[in-house]
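Coordinates in review
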Amino acid sequence: MLFRSGEEVLEAAEIPTNKNPIRRFKRLSLPGLAKRVGLLLNVNMVLLQSPSRRQDLVMARRLFATAAVMNISRSVTEVAKFLKRDKAQVSRLVSQGMDLAYKNEPFKLLFNSI
């Protein structure tokens, strides 16, 4: 449900109330997150799920997996099924992504922009 406030269109979940002034966002789907990562890093969603080990695709998968697990509370199993990888690979990507999010400023900027 949408409300108009001047020129601004706000979703009902984003409108702060007196009881709870914190914004609550709807849970983003994995294809939606993949689309955001793809637009951010200029990577096709089909390539994100491909078996290729190209460095740019691995970075996109790392960003996607980290954002999916940390930001939208998806399980490693859900992310692994979406990426067509096993759980160990996705767990490794998330671990690397978490390290980069704390230590690497460019990755942190990408992670925060999703």
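Up top you'll find the structure we're talking about.
Computed from a prediction, not measured in an experiment: that's the story for all the values here.

This part takes up helix α3 (residues 55–70). With 16 residues, α3 extends 22 Å between its outermost C-alpha atoms, agreeing within 8% with the 22 Å of an ideal straight helix rising 1.5 Å per residue. Among the residues making up α3, those that are buried are Leu 57, Ala 60, Arg 61, Arg 62, Leu 63, Phe 64, Ala 65, Thr 66, Ala 67 and Ala 68. Buried residues belonging to α3 abut α1 (30–41), α2 (45–48), α4 (76–83), α5 (87–103) and α6 (105–113).

The next thing to look at is the nonpolar core. Side chains of nonpolar character tend, in soluble globular proteins, to be buried together. Among the nonpolar cores identified, the biggest contains 24 residues, and Phe 64, Val 79, Leu 83 and Val 90 are the most heavily contacted of them. Breaking this core down by element, the ones donating at least two residues are α1, α3, α4, α5 and α6. Sorting elements by how many residues they give to this core places α3 first, with 7 residues. The contacts of Val 90, once residues within four sequence positions are left out, are Ala 65, Val 76, Val 79, Ala 80, Leu 83 and Arg 85.

For the coordinates displayed, the defined rule picks out 2 salt bridges. Arg 54 is the partner of Asp 56 in a salt bridge, and the nearest nitrogen-oxygen pair spans 2.9 Å. Take Arg 54: its relative accessible area is 42%, and that puts it in the partly exposed class. For Glu 78, the salt bridge goes to Arg 74, with nearest N and O atoms at 3.3 Å. Exposure remark for Glu 78: the relative accessible area of 31% places this residue in the partly exposed category. Judged by its relative accessible area of 17%, Arg 74 falls in the buried class.

Definitions and limits used
- Residues numbered from 1 in each chain as written.
- Predicted model: local features only at pLDDT ≥ 70, side-chain atom pairs only at ≥ 80, totals over all residues.
- Heavy atoms only, no water.
- Helix = DSSP H or I, 4+ residues; strand = E, 2+ residues; numbered from the N terminus.
- Expected span 1.5 Å × (residues − 1).
- Buried < 20%, exposed > 50% of the residue type's maximum accessible area, 1.4 Å probe, protein only.
- Contact = heavy atoms within 4.5 Å.
- Core = buried A, V, L, I, M, F, W, Y, C linked by side-chain atoms within 4.5 Å.
- Salt bridge = Lys/Arg side-chain N within 4 Å of Asp/Glu carboxyl O.

None of the figures reported here should be taken as evidence of function without further support.
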